[in-house]
Amino acid sequence: MKLLLRLTKAVVVLGVTFALFAVVAAAGAYYYFAPQLPDIDRLQEVRLQVPLRIFDASGQLLAEFGDQRRIPVPYNEVPPLVIDAFLAAEDDRFFQHPGVDWQGLARAVWALAATGERRQGGSTITMQVARNFFLTPEKTYTRKLIEILLALKIEAELDKDEILELYLNKIYLGQRAYGVAAAAQIYYGLPLSELNLAQAAMIAGLPKAPSRDNPVSNAERAIARRAYVLGRMLATGAIDRAAHDDALRAPITAQLHSPPIAVEAHYVAELVRSELVERFGEDLYSLGLNVYTTIDARMQDTANRALRRALLEYDRRHGWRGPEGTLELAAGDEAERLAALAEYGVRGGLQPALVVSVQKQSAEVVFGDGKAGTIEWEGLSWAQPYRSENFVGPAPKTASDVLESGDVVRVETGEGGALVLAQLPEVQGALVALDPASGGVRALVGGFDFFGSKFNRAVQAERQPGSGFKPFLYTAALDRGYTPATLINDAPIVIDDVSLEGAWRPQNYSRKFFGPTRLREALYRSRNLVSIRLLRDIGIDYALDYVQRFGFDAGQLPRNLSLALGSGVATPLQMARAYSVFANGGYLVDSYFIERIEDSNGAVLFEADPARAPSAAGARSSNGHPAERVVSEDTVYIVRSILADVVQRGTARKASALGRKDLRGKTGTTNDQMDAWFNGFNDRLVATAWVGFDQMKPLGRREAGGVAALPMWMYFFEELLADIPETEDPVPPGIVRMRVDTRSGEPVAGGGAGTEWEYFRRDFVPTPGRRATPGGGQTVPAGGGDPLF
């Protein structure tokens with residue numbers, strides 16, 4: 001008995017001694033490492049590395065930039081099913097232990113002692129939070145000790161829900177996914193709330209080895225890991241046997257899902273990204289900024305399709321240039337061929353396809369995913385061989401005139417799903433649409449395909465605007481005393497000007513001359529010689545000064561008479577902004593595309609304050625300040641009426657097929673058809689379409705603005721007009737309406753053939769038998785003086 005008491009006493013003494021030693025050691029370790037422990041307050045302020053997200057005006061996602069995909073979610077929005085799965089897999093005693101699970105650590109120590117290997121980490125969720133936020137992943141005993149001490153400190157200062165929220169948002173789950181919400185979207189394309197048990201268990205199994213147990217890259221390992229999580233959920237009572245068995249049998253449905261991008265807007269996204277780099281530096285990819293643009297997703301989608309359709313139509317008019325490449329069709333190399341084919345990539349919606357056989361009037365093709373299809377004759381017969389920008393070869397009679405087996409071609413899906421032979425256009429284009437009330441960019445496309453060429457022609461291509469520049473000069477003339485009925489002679493002219501490198505003999509596009517012509521007709525028919533005489537009379541200096549009211553930079557414009565034909569340079573965005581002055585009633589607005597910037601917590605860091613036309617119908621929001629009036633209401637009204645004639649009976653009369661009377665605009669074509677434009681608008685929207693080659697080569701005969709660019713504008717507008725009510729221009733009080741003779745421009749008392757209504761500013765109204773003369777509103781007898789200039 002005494003021996004037993006002595007042994008008991010010895011054990012107690014040893015136990016107390018060991019306990020005291022452990023306490024002293026722990027205290028010593030704490031005081032030694034305490035200065036190295038970070039301040040837990042940093043956890044409250046920690047900024048999760050959330051990527052930059054760019055949205056349209058309504059909050060639909062346009063783009064996402066950043067190496068880490070993360071969607072922060074509050075703890076109370078995490079479904080209990082997901083929480084139970086993670087607790088069962090990682091730390092089933094999370095709500096019981098003080099940050100360190102001594103039982104788990106004991107098991108880890110025992111395993112280490114028994115095997116000599118570190119098979120179990122014994123880490124709790126709190127310890128993982130400590131490691132993920134503050135420590136490195138190196139496996140050393142010192143780091144483990146610091147991790148334990150830090151976990152105890154975290155538990156002392158944060159509650160369990162806060163710790164678990166940090167963990168569920170921080171944990172890496174493979175495929176660039178950080179946090180459970182990002183993983184749900186990446187693997188299943190679902191919001192966190194819609195995950196089922198099998199999916200939640202799959203995601204909960206990833207923290208241990210996100211690459212090895214990944215369901216996308218290693219299905220077998222992922223199934224085994226999911227089974228482990230489901231088993232742990234059953235053991236902890238989180239699920240019953242029936243739910244466990246059903247989830248265990250569920251097939252793997254995981255696959256990579258891109259962010260839910262609303263619409264393709266790569267050129268817009270790059271504009272935004274570039275501007276933000278200037279403001280925030282390279283850190284912007286992890287700041288969690290949410291950028292709301294002025295873009296309208298529906299308009300952007302329409303613009304994409306309109307531009308591609310117009311460029312493909314141009315391309316087909318100019319013939320087939322041959323296959324994009326060739327591949328061998330040797331037997332047994334199918335997988336290798338498909339892999340090579342996939343490297344061509346989809347460009348502008350055109351899929352690469354391999355021609356595997358050619359029949360008399362059809363061709364069999366296979367796509368990069370292994371699916372096969374047939375291009376029938378209707379999709380092949382257009383392919384006359386390209387000779388030059390002005391000529392094509394004879395029409396094909398059989399498919400073998402166009403294709404051979406082994407050719408790599410592009411295929412477009414036409415009406416009814418029929419396959420159509422296509423090719424990547426060499427020609428390029430741009431389309432930009434603005435809200436004329438504020439200058440907000442509603443849609444912007446800078447080329448056929450962003451990944452084929454990142455050069456953004458909407459904002460970077462400085463091209464000659466051609467006749468699209470004439471309305472600004474005519475506006476200047478109307479403010480100097482001209483009227484739409486003023487006659488100017490459309491006759492040959494020779495100009496000697498050093499800046500034009502010798503004698504210049506300009507011509508009309510038609511190469512014809514039409515004699516005395518009213519300004520209205522000269523503009524809607526785009527008569528070059530009238531425009532040159534008009535500029536010569538109003539003066540180049542006056543004109544250059546005046547057109548800056550529309551936002552043009554004088555440094556981009558020539559100081560000679562070629563200015564009348566649009567020989568300066570401007571980007572499509574600059575042209576759209578300039579035409580906004582006509583669309584909004586005479587006010588200059590600045591184009592912009594960022595509406596506001598918010599941080600990851602929703603705090604507004606920037607909000608646009610645009611100049612806004614006070615009475616424009618296109619206004620969408622109340623923010624902004626009054627824009628400056630740069631052209632009088634009366635003058636704008638007259639110019640708008642002439643630009644409506646361009647659509648109804650002038651160079652853009654194809655657009656009258658849209659069946660609207662409130663559409664206005666002006667075509668533009670430059671020398672040798674280097675550039676083709678259409679700038680058009682109604683009260684709510686202004687859009688500029690441009691077509692041309694980056695290499696500055698001709699588009700070809702007859703490829704004027706009304707042929708090459710106008711269709712793009714029409715395809716864009718026709719889809720949107722149903723939602724935009726048609727409007728009429730109220731006649732301003734300063735405008736007088738009267739009949740004029742269409743040949744002489746003189747006012748007439750009655751109507752009848754050879755007359756039409758005309759509009760005059762009240763201070764420039766002619767009287768019967770007397771014609772208004774530019775400058776001061778003076779009049780001379782009809783036929784007197786020299787009104788032809």
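Worth saying up front: this structure is predicted, and the values here are computed from it rather than measured.

Q: Mind laying out the overall build of the protein chain, listing which residues take part and the relevant values?
A: When helices and strands are counted, the protein chain shows 23 helices and 30 strands. Across the 789 residues that make up the protein chain, the buried fraction comes to 53%. Put simply, 68% of the contacts in the protein chain that link residues at least 6 apart link residues at least 24 apart. Total accessible area on the protein chain stands at roughly 35,300 Å², and carbon and sulfur atoms take up 52% of it.

Q: Mind laying out the packing of aromatic side chains, listing which residues take part and the relevant values?
A: Within the structure shown, the criterion is met by 22 aromatic pairs. Ring centres of Y637 and Y759 lie 5.3 Å apart, and the angle between their planes is 80°; this geometry places the pair in the edge-to-face category. Of this pair, Y637 sits in helix α21 (residues 633–649) while Y759 is found in strand β28 (residues 755–761), placing the two residues 122 residues apart along the sequence. Accessibility classification places Y637 together with Y759 in one group, the buried group. By way of ring pairs, the aromatic residues F469, F472, Y542, Y546, F550, F552, Y579 and F582 are connected into one cluster. Above the face of the F448 ring, R308 is positioned so that its terminal group lies 5.9 Å from the ring centre.

Q: Hey, could you go over the environment of I83 for me, with residue numbers and the actual values?
A: By secondary structure assignment, the location of I83 is in helix α3 (residues 80–90). For the pair formed by I83 and A238, sequence separation is 155 residues and the distance between their alpha carbons is 10.0 Å. Apart from the residues within four sequence positions on either side, I83 is in contact with Y75, V78, L164 and L168.

Q: Could you give me a rundown of helix α7 (residues 160–170), with the residues and numbers involved?
A: Restricting attention to buried positions, one finds in α7 the residues K160, I163, L164, L166, Y167, L168 and N169. Capping the start of α7 is the job of one residue whose side-chain oxygen sits 3.2 Å from the backbone nitrogen of D161: D159.

Q: I'd like a rundown of the nonpolar core, residues and numbers included.
A: Counting 130 residues, the largest nonpolar core has F472, F552, W713 and F716 as the members making the most contacts within it. Among the elements that make up this core, the one with the highest residue count is helix α13 (residues 297–317) (nine residues). Residue contacts for F716: discarding those within four places in its chain leaves M299, T302, A303, A306, L431, A433, A443, L685 and A687. Formed by 51 residues, the second largest nonpolar core is a distinct cluster that contains A85, L87, I125 and F133.

Q: So what's going on with the sheet that holds strand β1 (residues 52–55)? Which residues, and what values?
A: Taking strand neighbours across the sheet as the criterion, the five strands line up as β2-β1-β5-β19-β20 in an open arrangement whose pairing is mixed. Looking at strand neighbours, the two that pair on one side only are β2 (61–65) and β20 (604–607), the edges of this open sheet. Between one strand axis and the next, the sheet turns by 15° as a mean value, whatever way the strands run. Across four bridges, strand β5 (residues 290–293) lies against strand β19 (residues 594–598) in antiparallel orientation. Within β19, the residue paired with V291 across the bridge is I597.

Q: Now, about helix α16 (residues 470–478): what can you tell me, with residues and values included?
A: Most of α16 sits out of view: nine of its nine residues are buried. When α16 is considered as a whole, its buried residues turn out to be K470, P471, F472, L473, Y474, T475, A476, A477 and L478.

Q: Outline the side chain of E595, listing residues and values.
A: If you trace the backbone, E595 turns up in strand β19. Buried charge E595 goes without a salt bridge, the closest partner of opposite sign being R442 at 5.1 Å. Among the polar contacts made by the side chain of E595, one reaches the side chain of Y592 at a distance of 3.4 Å. With residues near it in sequence (within four places) discarded, E595 still touches Y292, T293, T294, F606, E607, A608 and N623.

Q: For the packing of helix α8 (residues 180–188) against helix α9 (residues 197–204), give the residues involved together with the corresponding values.
A: Two numbers describe how α8 lies on α9: the axes approach to 11 Å, and their chain directions differ by 115°. Considering the angle they form, α8 stands roughly perpendicular to α9. Crossing geometry of α8 relative to α9 is assigned as right-handed. Residue-level inspection shows A183, A184 and Y188 of α8 in contact with α9, the latter providing Q199, M202 and I203. A per-class count over the contact of α8 with α9 returns five nonpolar, one polar and no charged.

Q: How would you explain the pattern of salt bridges if you had to name every residue and give the values?
A: Summed over all chains, the structure comprises 45 salt bridges. Of the charged contacts, one joins R232 and D92 as a salt bridge, the two residues approaching to 2.7 Å between their closest N and O atoms. Highlighted residues: R232 in helix α10 (residues 219–235) and D92 in the loop between α3 and α4 (102–115), separated in sequence by 140 residues. Its salt-bridge partner being R212, residue D213 comes within 3.2 Å of it at the nearest N-O pair. Given the relative accessible area of 2%, D213 is considered buried. Overall, the relative accessible area of 39% leaves R212 in the partly exposed class. Here the salt bridges do not stand alone but share partners, grouping R518, R520, D645, R649, E756 and E758 into one network.

Q: Now, about the confidence of the model for the protein chain: what can you tell me, with residues and values included?
A: Of all residues in the protein chain, 85% have pLDDT values of 70 or greater, and the mean over the chain is 87. Of the regions scoring below 50 in pLDDT, residues 15–27 engages in zero contacts with residues more than four places distant in sequence or in other chains. Low pLDDT, under 50, characterises residues 775–789; the stretch is placed with 38 contacts to residues that sit more than four places away or in other chains.

Q: An account of the packing of α9 against α10 is requested, with residue identities and associated values reported.
A: In contact at an axis separation of 8 Å, α9 and α10 are set at 105° when each is read in the N-to-C sense. Of the possible angle classes, the one that applies to α9 and α10 is roughly perpendicular. Residues L197, A198, A201, M202 and A204 of α9 form the contact with α10, whose own contacting residues are A222, R226, V229, L230 and M233. Within the contact of α9 with α10, the residues separate by chemical class into nine nonpolar, no polar and one charged.

Q: Outline the sheet that holds strand β13 (residues 441–445), listing residues and values.
A: Read across the sheet, five strands follow the order β13-β12-β26-β25-β24 without closing on themselves; strand pairing throughout is antiparallel. Only two strands of the sheet have a single neighbouring strand rather than two, namely β13 and β24 (664–669). When strand polarity is set aside, the average angle formed by the axes of neighbouring strands in this sheet is 5°. The pairing of strand β25 (residues 675–681) with strand β26 (residues 686–692) spans seven bridges and is classified as antiparallel. The residue of β26 that forms the bridge with F681 is V686. Taken strand by strand, helix α20 (residues 572–583) contacts β12 (428–434), β13, β24, β25 and β26, and its axis lies near 35° from that of β12. Running at roughly 145° to β26, helix α23 (residues 710–718) makes contact with β12, β13, β25 and β26 of the sheet.

About the thresholds
- Residues numbered from 1 in each chain as written.
- Predicted model: local features only at pLDDT ≥ 70, side-chain atom pairs only at ≥ 80, totals over all residues.
- Heavy atoms only, no water.
- Helix = DSSP H or I, 4+ residues; strand = E, 2+ residues; numbered from the N terminus.
- Buried < 20%, exposed > 50% of the residue type's maximum accessible area, 1.4 Å probe, protein only.
- Contact = heavy atoms within 4.5 Å.
- Areas by Shrake-Rupley, 256 points an atom, 1.4 Å probe, with all protein chains shown as cover.
- Phe/Tyr/Trp six-rings, centres within 6.5 Å; stacked < 30°, edge-to-face > 60°.
- Lys NZ or Arg CZ within 6 Å of the ring centre and 35° of its normal.
- Polar contact = N/O pair within 3.5 Å; in protein donor to acceptor, adjacent residues only side chain to side chain.
- Core = buried A, V, L, I, M, F, W, Y, C linked by side-chain atoms within 4.5 Å.
- Pairing = 2+ DSSP bridges.
- Axes fitted to C-alpha atoms, helices over the stretch in contact; angles between N-to-C directions.
- Lys, Arg positive; Asp, Glu negative; His and termini not counted.
- Salt bridge = Lys/Arg side-chain N within 4 Å of Asp/Glu carboxyl O.
- Parallel < 35°, antiparallel > 145°, perpendicular 65-115°, else oblique.
- Left-handed = near helix turned anticlockwise from the far one by under 90°.
- Nonpolar A, V, L, I, M, F, W, Y, C, P; charged D, E, K, R; others polar.
- pLDDT = per-residue confidence, 0-100.

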